[in-house]
Amino acid sequence: MSDASPRRIVLTGAAGGVGTMIRPLLGSLYPGLVLSDRVAPANLLPAERFVPADLTRPSEVAALVASADGVIHLGGHSVEGPWETILQANIIGCYNLFEAARQARVRRVIFASSNHTIGFYPRKRRIGPDVTVRPDSRYGVSKAFGEALAALYSDKHGIGVTCLRIGNVGSRPLDVRRLSIWISPEDLVQLIRIGLEHPDIRFEILYGVSDNAASWWDNARAYALGYRPSGRAEEHRSHAEAEQARIGPDPVGDLFQGGTFCSAEFSNDITRAGP
Ligand code: 15L
């Protein structure tokens, strides 16, 4: 880490699935890492520092980020949900986070965006980070909102923001769709580190994906910033295909990158969906 790199890092959503996977890796990179969520992770270690905060309460978010240099914002609702849930956790909560970051002069924010911002792109299309968003869910819309908010706070207030359109984080791909979008916890932390430390960051949208032969995404910008993923989904293909056989077909979801997020509540003519 260079002298100019952020040192006091806050991780929101620390008790969630992704937060739990990357906490130990981040803790060794950023001593003094502050973990936050509404409720403390069950397995909090004595050496870990936890500050509770509800993202819908501006005063709690302001207190959380008051002395931070960088924030990794994983907090919020991480799947599709009722509008009121998405509104509170991902729209209002995300606004509160960026606004608190501005007031506290936080230098870097990593925003955990999602592949569901572009879920209605067909699987046969390769896309970069600059395509028009085609969300597949209220959740995907909320992540597109977060990316727009991130651009505003970068352009207007100078916060260096990296939006990571995360695929699916885990130790291995869960099914055939995840062979395209899987990312290992180690590779995700590598991208977070680029977002926190690379001197050229102003506003970036990068795909949170490992080195997957079946990827649908052009992640050249991430590589230009130094990303060198070590995860390779193909090494897990037989496991993913076996799991897929158990799941069975999804006539709508199997066409689109967002999978079941596209088929849930779907009431369109299939030929009229997606770009
Ligand atoms: C996401 O954005 C979710 O947070 C995660 O739970 C998975 O559903 C993932 O996308 C996915 O598309 O597999």
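Residues numbered from 1 in each chain as written. Predicted model: local features only at pLDDT ≥ 70, side-chain atom pairs only at ≥ 80, totals over all residues. Heavy atoms only, no water.

**Regarding the site of the ligand**
Stage number 1. Around the ligand, the neighbouring residues are S78, V79, S114, N115, H116, Y139, G167, N168, R177, R178, I181 and F261.
Stage number 2. Contact between the ligand and S78: an oxygen atom at 2.6 Å from a main-chain N or O atom of the residue.
Stage number 3. One of the side-chain N or O atoms of N168 is found 3.1 Å from an oxygen atom in the ligand.
Stage number 4. Starting from 320 Å² of accessible surface for the ligand in isolation, the protein chains cover 81%.
Stage number 5. Looking at the shell around the ligand residue by residue, the class counts come to four nonpolar, six polar and two charged. (Near = heavy atom within 4 Å. Polar contact = N/O pair within 3.5 Å; in protein donor to acceptor, adjacent residues only side chain to side chain. Areas by Shrake-Rupley, 256 points an atom, 1.4 Å probe, with all protein chains shown as cover. Nonpolar A, V, L, I, M, F, W, Y, C, P; charged D, E, K, R; others polar.)

**Some thoughts on the side chain of D136**
Stage number 1. With respect to the helices and strands, the residue D136 is situated in the loop between β5 (108-114) and α4 (138-157).
Stage number 2. No salt bridge is formed by the buried D136, whose closest oppositely charged neighbour, R177, lies at an N-O distance of 5.9 Å.
Stage number 3. Within the local environment of D136, its side chain forms a polar contact with the side chain of H116, the two groups lying 2.6 Å apart.
Stage number 4. Within the local environment of D136, its side chain forms a polar contact with the side chain of S137, the two groups lying 2.7 Å apart.
Stage number 5. Leave out the neighbours within four places in its chain, and D136 touches H116, G119, F120, G258, F261 and C262. (Helix = DSSP H or I, 4+ residues; strand = E, 2+ residues; numbered from the N terminus. Buried < 20%, exposed > 50% of the residue type's maximum accessible area, 1.4 Å probe, protein only. Lys, Arg positive; Asp, Glu negative; His and termini not counted. Salt bridge = Lys/Arg side-chain N within 4 Å of Asp/Glu carboxyl O. Contact = heavy atoms within 4.5 Å.)

**What to know about the side chain of E99**
Stage number 1. Mapped onto the fold, E99 is located in helix α3 (residues 83-103).
Stage number 2. Taking the relative accessible area as the measure of exposure, E99 reaches 16% and is therefore buried.
Stage number 3. Polar contacts involving the side chain of E99 include one to the side chain of Y153, which spans 2.6 Å.

**Some words on unusual backbone geometry**
Stage number 1. Phi at R105 is positive, roughly 60 degrees, even though this residue is not glycine.
Stage number 2. A residue is classified by how much of its surface remains accessible, and R105, at 71% relative accessible area, is exposed.
Stage number 3. Of note, the phi angle at E265 is positive, near 65 degrees, even though the residue is not glycine.
Stage number 4. Relative to the elements of secondary structure, E265 occurs in the segment after α9 (260-263).

**Quick look at the pattern of salt bridges**
Stage number 1. One pass over the full model with this rule turns up 14 salt bridges.
Stage number 2. A salt bridge links D211 to R232, with the shortest nitrogen-to-oxygen separation between them at 3.2 Å. With D211 in the loop between β9 (203-208) and α7 (220-224) and R232 in the loop between α7 and α8 (237-247), the pair connects residues that are 21 residues apart, well separated along the chain.
Stage number 3. You can call R232 partly exposed: its relative accessible area is 35%.
Stage number 4. Of the charged contacts, one joins E234 and R237 as a salt bridge, the two residues approaching to 2.7 Å between their closest N and O atoms.
Stage number 5. Judged by its relative accessible area of 31%, E234 falls in the partly exposed class.
Stage number 6. Each of E80, R138 and E265 takes part in a single network of salt bridges with overlapping partners.

Such coordinate-based values are descriptive only and should not be taken to indicate function.
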